[in-house]
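Now for the letters of each chain:
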Amino acid sequence: MSKKFIVEEVAKHNTAGGKKVLLKQSGKDATKKFDSFHNASVLEKIAVKYLIGEVGTGEEEGEDEEEQDRPPFTVEEKFGDMVPHGDPMWYQDWYSPYYNDSHRGAVRNAVREFVDKEITPFCHEWDEAKNTPREVFIKAAKAGILGAIGHNIPDELYPYPLSANIKPKNFDAFHRIIVFDELSQCVTWALCGGLGIGLPPVVNFENVVKDCLAGTKDICLCVTEPSGGSDVAGLQTEAKDMGDHYILNGENKWITNGVYVDYFTVACCTDEPGFNGISFLLVERSMPGVTTRQINCSGVGRPVPLILLLKINFNSERMDIIIQANTFARVCIEESLKYAHKRETFESLAYQTQQMPEDIQPIRLGGPIALCKAQATRTFKFYTRKAAQIFGGLAYTRGGQGEKIECLYREVRAYAIPGGSEKIMFDLGVRQSTKVGSFMGAKF
């Protein structure tokens, strides 16, 4: 237990070790000065080693005294820092038909606690090193976060309980939104980027699924090629059937987590040109001929029939990007308001994924999800620019108080392009919506 000090006792501590800033603040309340130069994560990562107690009145504080009166105008329990628009509205004492106690009191609290303790204080360090430690993946797995990132996973393949011990059958689309939302508070996508899109196509490979969800192995999705970009139907990567194996030839680029993963879910041509001839191959890094190298950005078995699977996978990927881009935009707002003063559309889509028959979701939801993805990334871009204006020079200084804004400014294009660029999303959204309208009897 830490010791409690009264203000007068603190004032007696005048040994500052010769440091100018400490000499000026020794024995005084340095809260405002500290906030002027440091992120709160410094307290979690570094200052905690020097914590010897807390400042109080010296009087015993009972449970009744610790409970604060409910703030005016509130109805239910608030969550987070309550910065306007810095969190989803239902975090800030708004009613929502989508979330219940398992979302509010269980999953949200569990993931926020994990992110605040295990990820946020170290994000800048990992970003500079261009590496996320393996133990972080394992901790996230044991906390049920990696399992929550995956979707359509058979119950028996989860190595650990899902977040807050919610049973898989009760873990719905809105629990998953919360997990992505909270992970995006810390501006890192190493945990969810490759796993969320690389694993779903290969759920029949039990050992691969178990290892990836346990955090001991990693996987990525390989679709984008240097020459084709988002033109999936024009894939150049080919797999030749040799009877008992395939010979795979091709290149992929801009693959999330691709430089260090153990497994690659590779889209390739195994038959006729176009969508009808595309399949997925599960490739292991240890297989002969597999090589990877890192690209310095601002931020590759058996074939599986691809047509419907690819549409479902892209819808899922785009939904994940929508969630993250919306959260990143809110982070920009929250960080900017905090520094200056020292989401609703995709939830209805998530509800449709729970209620609508799965076999028609790729067609019915493809257009709306594409349009929502384009809008989300444009909103993200808008708020990063506005946040950069507020932070000034700190917005292009790596680390420090502008750390999140500087990182997000680099990541804007990394969300606008993957899963389909904005131009392609707008085109797909209109075409798909028009096609669905025709099927349903629309009179144009």
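A quick note: this is a predicted structure, and the numbers were derived from the prediction, not measured.

(A) Broad picture of the packing of helix H16 (residues 366-391) against helix H18 (residues 422-439). Orientation of H16 relative to H18, taken along the N-to-C sense of each, is 150°, at an axis distance of 7 Å. Looking at the two axes, H16 sits roughly antiparallel to H18. Along this stretch, H16 crosses H18, giving a crossing that reads as left-handed. Together, Gly-366, Gly-367, Pro-368, Ala-370, Leu-371, Lys-373, Ala-374, Thr-377, Arg-378 and Lys-381 of H16 and Glu-422, Met-425, Phe-426, Leu-428, Gly-429, Val-430, Gln-432 and Ser-433 of H18 make up the contact between the two elements. Counted by class, the contact of H16 with H18 contains eight nonpolar, six polar and four charged residues.

(B) Broad picture of the confidence of the model for the chain. Taken over all residues, the pLDDT of the chain has a mean of 78, while the share at 70 or more is 74%. In this model, residues 299-312 is a region of pLDDT below 50 whose contacts with residues beyond four sequence positions or in other chains number 42 contacts.

(C) Representation of the nonpolar core in the model. Of all hydrophobic cores here, the largest spans 72 residues; its most connected members are Ile-119, Ile-149, Val-179, Leu-183, Leu-199 and Ile-219. With eight residues, the single largest contributor to this core is helix H13 (residues 307-340).

(D) Looking closely at the side chain of Lys-373. Tracing the backbone shows Lys-373 in helix H16. Buried charge without a salt bridge: Lys-373, with Glu-422 as the nearest opposite-charge side chain at an N-O distance of 6.9 Å. Within the structure, Lys-373 has its side chain in polar contact with the backbone oxygen of Gly-420 (distance 2.6 Å). When neighbours within four sequence positions are excluded, Lys-373 is seen to be in contact with Arg-318, Ile-321, Ile-322, Tyr-415, Ala-416, Ile-417, Pro-418, Gly-419, Gly-420 and Met-425.

(E) The arrangement of the packing of aromatic side chains in detail. Enumeration over the complete set of coordinates arrives at seven aromatic pairs. Taking the centre distance of 5.1 Å and the plane angle of 85° together, the rings of Phe-382 and Tyr-383 count as edge-to-face. Residue classification places Tyr-383 among the partly exposed residues on the basis of a relative accessible area of 30%. Through pairs of rings, three or more aromatic residues link up here, namely Tyr-98, Tyr-99, Phe-174 and Tyr-351. It is Arg-108 that lies over the ring of Tyr-91; its NZ or CZ is 4.8 Å from the centre. Above the plane of the ring of Phe-137 lies Arg-134, whose end atom (NZ or CZ) is 5.1 Å from the centre.

Conventions we followed
Residues numbered from 1 in each chain as written. Predicted model: local features only at pLDDT ≥ 70, side-chain atom pairs only at ≥ 80, totals over all residues. Heavy atoms only, no water. Axes fitted to C-alpha atoms, helices over the stretch in contact; angles between N-to-C directions. Helix = DSSP H or I, 4+ residues; strand = E, 2+ residues; numbered from the N terminus. Parallel < 35°, antiparallel > 145°, perpendicular 65-115°, else oblique. Left-handed = near helix turned anticlockwise from the far one by under 90°. Contact = heavy atoms within 4.5 Å. Nonpolar A, V, L, I, M, F, W, Y, C, P; charged D, E, K, R; others polar. pLDDT = per-residue confidence, 0-100. Core = buried A, V, L, I, M, F, W, Y, C linked by side-chain atoms within 4.5 Å. Buried < 20%, exposed > 50% of the residue type's maximum accessible area, 1.4 Å probe, protein only. Lys, Arg positive; Asp, Glu negative; His and termini not counted. Salt bridge = Lys/Arg side-chain N within 4 Å of Asp/Glu carboxyl O. Polar contact = N/O pair within 3.5 Å; in protein donor to acceptor, adjacent residues only side chain to side chain. Phe/Tyr/Trp six-rings, centres within 6.5 Å; stacked < 30°, edge-to-face > 60°. Lys NZ or Arg CZ within 6 Å of the ring centre and 35° of its normal.

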